[in-house]
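A look at the structure
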Amino acid sequence: MNQKTKKQIQEFTFILPAIIMFAVFVAYPFLQGFPISFTKWDGMSPNKVFVGLDNYLRIFQDVNVINATKNTLIFTALTMVFSNLLGLLFALMIARVSKLNNVLRTCIFMPYCLSLVLSSYIWRYVYSDVFYDIFGIPSPLGSTTWVMLGLAVISVWRDAGYCMVVYIAAIQGVSSDYYEAADLEGATALQKFRHITFPMIAPAVTANFTLLLAWGMKVFDYPMAATGGGPGRSSETVAMLIYNNLFTYFRAGYGQAIAVVFTIAIFVVSTVVSRTLRAREVEI
Amino acid sequence: MTRGMKKYLFLVMKILVTLLVISPFYIAIIYSVKSKPEMVSNRLAFPAKFHWDNFTRAIETSNFGLAMKNSLVTTVWAVLIITLICTMAAYIIARKNNRFYNTIYYIFVGAMIIPFQSIMTPLYIDMSRWKLLNTLHGFVMAKIGFQIAFTVLLVSGFVKSIPRELEEAAAIDGAGLYSVFFRIVFPLMKPIILTSVVLNTLNVWNDFQMSLTLLQKKTVRNVPLTQYFFFGENSIELGLAFALFILSMIPILILYLTLQKYIIGGITSGAVKG
């Protein structure tokens, strides 16, 4: 074996373990999903019945799919907008480096360390014992109209700190020369934000929106732990619906077809959103 | 209003806002040390007496010791292996700019989008066929596989910022690829390694979805699953449930407070470049 091949093999051994683990536990199951999605199958029995595109055609008429899609989109829109908005406000509030601001930043980020399950349980009691007992506001988790908002609040509480951290870093990266020049011109705080800070942190805005979008569309833990999808099916999300198709209704084939469409949808939506945001970055 | 007063008001507002954000922690803490009668009479008040009994009883009734052990074992193994194989992979990807490694890089970029649901059913069936279902090592392997794309991308971004001169000098001196990596590059990667350790620890420790699918026997339940099922059974004994919550938060909050510098550094570098 010559020296060059030997070196290439040695290089390849660096990436081989990662490739193996990725191939076996992600890529292989991912590809297996496609044939399953064309079958009628309970997930256990050895016989899968090939049904062609039936599962896919059913998806678009299934009221449960439409309901879950609607719930997921409402949740995604709310968390995407409000986690970013609050994150940005927090960041503007404490971006300046000081001892106190560091402590505040540590505190505001803390919810992000909790599991989504734990956050959901704690908030069930925030809603029932604080919102209702003190302010007389009934828990949104018990209402078919407000349940998605209730879940979104939990998510915003947990993720706003994450957005804040990204924004703080972006704000601190803006050169102070710009602000000094603006001060000389007599610019107001709002003008400075609109014309300096915001355009300069646009890449962070794109990153946060894209991430929150992906998290939102995949949401599973919050409804599973906080409401179990209820009341009724008013907080069942797409991710939950797929899970239920396998483990509750034993319709693995149909669930997999939903999963395939779901994956494509996530891919398309995140590509479109991140492209649009990137294009806007240039404009402002 | 004078300038000084404005500044003072802003300071007060900042602190109030932060207290509001962390107030749910207050509820969790006081509920965990309240006795049953006090929970009924005045829930939100500061506890008259700390009722530590909740903690011991929660541990006894919920198999919490086992859950903690399962979570610790799976998290430590998964994070160690992820860190080792992903830093190696990221190093080669960042340094070798040929077609093969670039293709793998883009496969990982695409894989970031894959939702767990799309592999859930096939993975569940494969795992049961491979005798890995309801085993801790099976869960560790699947978790590693799922975290690879994200970690490799995170680390390779950092490797590109490390100058090559040291490696080249070592290579001229006759050091092999492995010794260059472990003696020179690995130590230089310390900040991003710590970031990836923290983010992956949070991810594995807090995982619920994959655990719910792959760990369905009582003996292999981790902390989030134990909480999920315990809460279902004991929603009346609030003190116990919250004692369990507090216990499960402690390791992760200690990790966060000691390594927070790296979390913040990593999130920002990953997010803005990513």
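What you are looking at is a predicted structure, and each value in this text was computed from that prediction instead of being measured. (Residues numbered from 1 in each chain as written. Chains lettered and ligands numbered in written order. Predicted model: local features only at pLDDT ≥ 70, side-chain atom pairs only at ≥ 80, totals over all residues.)

Before going further, it helps to examine the overall build of chain B. Of regular secondary structure, chain B possesses 13 helices and zero strands. Sequence-ordered secondary structure for chain B, helices as α and strands as β, is α-α-α-α-α-α-α-α-α-α-α-α-α. On C-alpha atoms alone, chain B measures out to a radius of gyration of 23 Å, which is more than a quarter above the 19 Å that the 2.2 N^0.38 rule sets for 274 residues. C-alpha atoms of chain B, sized along the principal axes, occupy 75 × 70 × 35 Å. Within the span of chain B, comprising 274 residues, buried residues form 43% of the whole. If you take every contact in chain B between residues at least 6 apart in sequence, the share linking residues at least 24 apart comes to 76%. (Helix = DSSP H or I, 4+ residues; strand = E, 2+ residues; numbered from the N terminus. Rg over C-alpha atoms; globule rule 2.2 N^0.38 Å. Buried ≥ 20, exposed ≤ 12 C-beta atoms within 10 Å, placed from the backbone. Contact = placed C-beta atoms within 7 Å.)

Further remarks concern the overall build of chain A. Looking only at helices and strands, chain A features twelve helices and two strands. Taken over C-alpha atoms, the radius of gyration comes to 24 Å for chain A, far larger than the 19 Å a tight globule of 284 residues would show. On the principal axes, the C-alpha backbone points of chain A span a range of 75 × 75 × 35 Å. Out of the 284 residues belonging to chain A, those deemed buried represent 44%. Nonlocal contacts in chain A, meaning residues at least 24 apart in sequence, comprise 72% of its contacts between residues at least 6 apart.

A few words now on the environment of leucine 53 of chain A. The residue leucine 53 of chain A is located in the loop between strand E2 (49-50) and helix H2 (54-59) in this model. The exposure class assigned to leucine 53 of chain A is exposed, which follows from the 10 C-beta atoms found within 10 Å.

This part is about the confidence of the model for chain A. When pLDDT drops low, the exact placement of atoms in the prediction is not to be read closely. On average, residues of chain A carry a pLDDT of 90, and 99% of them reach 70 or more. Confidence scores differ between elements of chain A, with E2 of chain A showing the lowest mean pLDDT of 86 and helix H3 (residues 63-94) of chain A the highest of 95. (pLDDT = per-residue confidence, 0-100.)

Before going further, it helps to examine the nonpolar core. Within soluble globular proteins, side chains that are nonpolar tend to cluster in buried spots. Tyr167 of chain A together with Ala89 and Val152 of chain B are the most contacted members of the largest nonpolar core, which has 158 residues in total. No other element matches helix H6 (residues 147-172) of chain A, which puts 18 residues into this core. Aside from chain neighbours lying at most four places away, what touches tyrosine 167 of chain A is Gly87, Leu88, Ala91, Ile201 and Ala204 of chain A. (Core = buried A, V, L, I, M, F, W, Y, C linked by C-beta atoms within 7 Å.)

Our next topic: the interface of chain A and chain B. Contacts between the two partners involve 65 residues from chain A, matched on the other side by 61 residues from chain B. The biggest single contributor to the side of chain A that touches chain B is helix H1 (residues 3-37) of chain A, with 17 residues. Of the residues contributing to the side of chain A that touches chain B, the split by class is 51 nonpolar, ten polar and four charged. (Nonpolar A, V, L, I, M, F, W, Y, C, P; charged D, E, K, R; others polar.)

Residue and element names in this part refer to chain B. If you check which residues of helix H3 (residues 53-62) are buried, you get Asn54, Ala58 and Ser62. Burial along H3 is one-sided: seen end-on, the buried residues are contained in an arc of 35°. The exposed set on the far side of H3, more than 90 degrees from its buried face, consists of Thr56 and Glu60. Positioned one or two residues after H3, asparagine 63 has a phi angle of 60°, which is positive. (Arc of directions from axis to C-beta.)

The next thing to look at is helix H8 (residues 165-172) of chain B. With zero of its eight residues buried, H8 of chain B lies for the most part at the surface. Taken from the residues just after H8 of chain B, glycine 174 of chain B is the one with a positive phi, measuring 95°.

In this model, glycine 230 of chain A is joined to proline 231 of chain A through a cis peptide bond whose omega is -5°. Assignment of secondary structure puts proline 231 of chain A in the loop between helix H10 (221-226) and helix H11 (238-247). If you check the backbone angles, phenylalanine 250 of chain A has positive phi at about 50° while not being a glycine. Positionally, phenylalanine 250 of chain A belongs in the loop between H11 and helix H12 (252-283). Of note, asparagine 134 of chain B is a non-glycine position whose phi angle comes to about 60°, a positive value. Mapped onto the secondary structure, asparagine 134 of chain B falls in the loop between helix H6 (116-129) and helix H7 (136-159). The class for asparagine 134 of chain B is partly exposed, based on 17 C-beta atoms found within 10 Å.

The next thing to look at is the packing of H1 of chain A against H7 of chain B. Here H1 of chain A crosses H7 of chain B at 120°, and the two axes come no closer than 8 Å. Classified by the angle between their axes, H1 of chain A and H7 of chain B sit oblique to one another. Handedness of the crossing formed by H1 of chain A with H7 of chain B: left-handed. Two secondary-structure elements touch here, H1 of chain A through Ala18, Met21, Phe22, Val24, Phe25 and Val26 of chain A and H7 of chain B through Met141, Ala142, Ile144, Gly145, Phe146, Ile148, Ala149 and Val152 of chain B. For the contact of H1 of chain A with H7 of chain B, the per-class residue count stands at 13 nonpolar, one polar and no charged. (Axes fitted to C-alpha atoms, helices over the stretch in contact; angles between N-to-C directions. Parallel < 35°, antiparallel > 145°, perpendicular 65-115°, else oblique. Left-handed = near helix turned anticlockwise from the far one by under 90°.)

The subject of this paragraph is the environment of phenylalanine 230 of chain B. Looking at where phenylalanine 230 of chain B falls in the secondary structure, it is placed in helix H12 (residues 223-233). Leaving out residues up to four positions away in the same chain, phenylalanine 230 of chain B has contacts with Ser62, Ala241 and Leu244 of chain B.

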